Amino acid sequence: MMKITDTIKVGPYTLQSRIVMPPMATGFGRGLVDKTLAYYKDRAATGAIGMIITEHSYISEVGRAEAEQVSVARDSDIEALKKLAAAVQVNGTVGLVQINHGGSANEAALDAQAIAPSAVPNRRPDIVRRYKDKTPVLPHEMTQDDINTVKDQFVAAALRVKAAGFAGVEIHSAHSYLLSEFYSPLMNHRTDAYTGAAIEGRTQLQTEILEAVRKAVGGDFIVSIRLGAVDDMPGGAVIDDVGAAARRFEAAGADLISI
Ligand SMILES: Cc1cc2nc3c(=O)[nH]c(=O)nc-3n(C[C@H](O)[C@H](O)[C@H](O)COP(=O)(O)O)c2cc1C
């Protein structure tokens, strides 16, 4: 019988157990502070965890969700990321960094900087509360140039994570951030190749990002994607969408899909 302490293969790596620590924003300070490093090191040092996926980190200033977030937006971040890799990857634990664009669910949500698939208010409850008694400032509907820029930013961030010595990267497409806005028919009203009217359109950008990241990082690196599968709102994404999305992500090069 399979045990949680058994090994499991993920992409080119064999994890020492089936225990995976999912990404959780720590918010211990502005960016990567010593307390953050110590927190990850404590957990990896147990030697029990197969994989740690560190908290969502921003790929560009416009895509920054919170002041406390870790940055993967600049080449100058690589030195700090090396410290994070060294903290996480002890006693056999394999480390990934979750990379994210906040879309319209970010600190800029109330200013004119935010970008999104469509110019509609974000539905995430904490953002909705922020709008309360205010007229929401709508995000800019992304042009094809904006989409190309975001793709390049995901690739550049993945390469920084690799340069820092991590075993892999996770692309964040959940929790009403940019890529899950594309996935949600409630937030994606586009009619182009990224159309909100079809599962192919709703997963097109994630698929293109996975293909581009895979091409850039090569085969010896774990590429994961986290998918917020259902909106749990009338007219939103439903569980039946997940199979088609997962098949596309696997074909595009994902080693791991976190639903
Ligand atoms: C404080 C906190 C921060 C989180 N930050 C992230 C994050 O950065 N990225 C992410 O994908 N999920 C994040 N999550 C979601 C967790 O990874 C996990 O899916 C969620 O807590 C549900 O698992 P649980 O029922 O075991 O708590 C966060 C959760 C918490 C409680």
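In case you missed it, the structure is sitting above this.
Residues numbered from 1 in each chain as written. Predicted model: local features only at pLDDT ≥ 70, side-chain atom pairs only at ≥ 80, totals over all residues. Heavy atoms only, no water.

## A look at the packing of helix 1 (residues 34-44) against helix 2 (residues 78-88)
And step 1. In contact at an axis separation of 7 Å, helix 1 and helix 2 are set at 25° when each is read in the N-to-C sense. Classed by the angle they form, the pair helix 1 and helix 2 counts as roughly parallel. Residue-level inspection shows L37, Y40, K41 and A44 of helix 1 in contact with helix 2, the latter providing K83, L84, A87 and V88.
And step 2. Grouping the amino acids of the contact of helix 1 with helix 2 by side-chain chemistry returns 6 nonpolar, no polar and 2 charged. (Axes fitted to C-alpha atoms, helices over the stretch in contact; angles between N-to-C directions. Helix = DSSP H or I, 4+ residues; strand = E, 2+ residues; numbered from the N terminus. Parallel < 35°, antiparallel > 145°, perpendicular 65-115°, else oblique. Contact = heavy atoms within 4.5 Å. Nonpolar A, V, L, I, M, F, W, Y, C, P; charged D, E, K, R; others polar.)

## Overview of the packing of aromatic side chains
And step 1. Throughout the structure, instances matching the rule amount to 3 aromatic pairs.
And step 2. Taking 5.0 Å as the distance between ring centres and 80° as the angle between the ring planes, the aromatic pair formed by Y39 and Y40 counts as edge-to-face. You'll find Y39 and Y40 in the same group, each marked buried.
And step 3. On the numbers, 6.1 Å between centres and 75° between planes, the contact of F182 with Y194 is edge-to-face. With F182 in helix 5 (residues 178-183) and Y194 in the loop between helix 5 and helix 6 (199-202), this pair connects stretches of sequence that are 12 residues apart. The pair F182 / Y194 is uniform in exposure class, with both members buried.
And step 4. Here the aromatic cluster, defined as three or more aromatic residues joined through ring pairs, consists of F28, Y39 and Y40.
And step 5. Over the face of the ring belonging to Y183 we find R202, whose NZ or CZ atom lies 4.9 Å from the ring centre. (Phe/Tyr/Trp six-rings, centres within 6.5 Å; stacked < 30°, edge-to-face > 60°. Buried < 20%, exposed > 50% of the residue type's maximum accessible area, 1.4 Å probe, protein only. Lys NZ or Arg CZ within 6 Å of the ring centre and 35° of its normal.)

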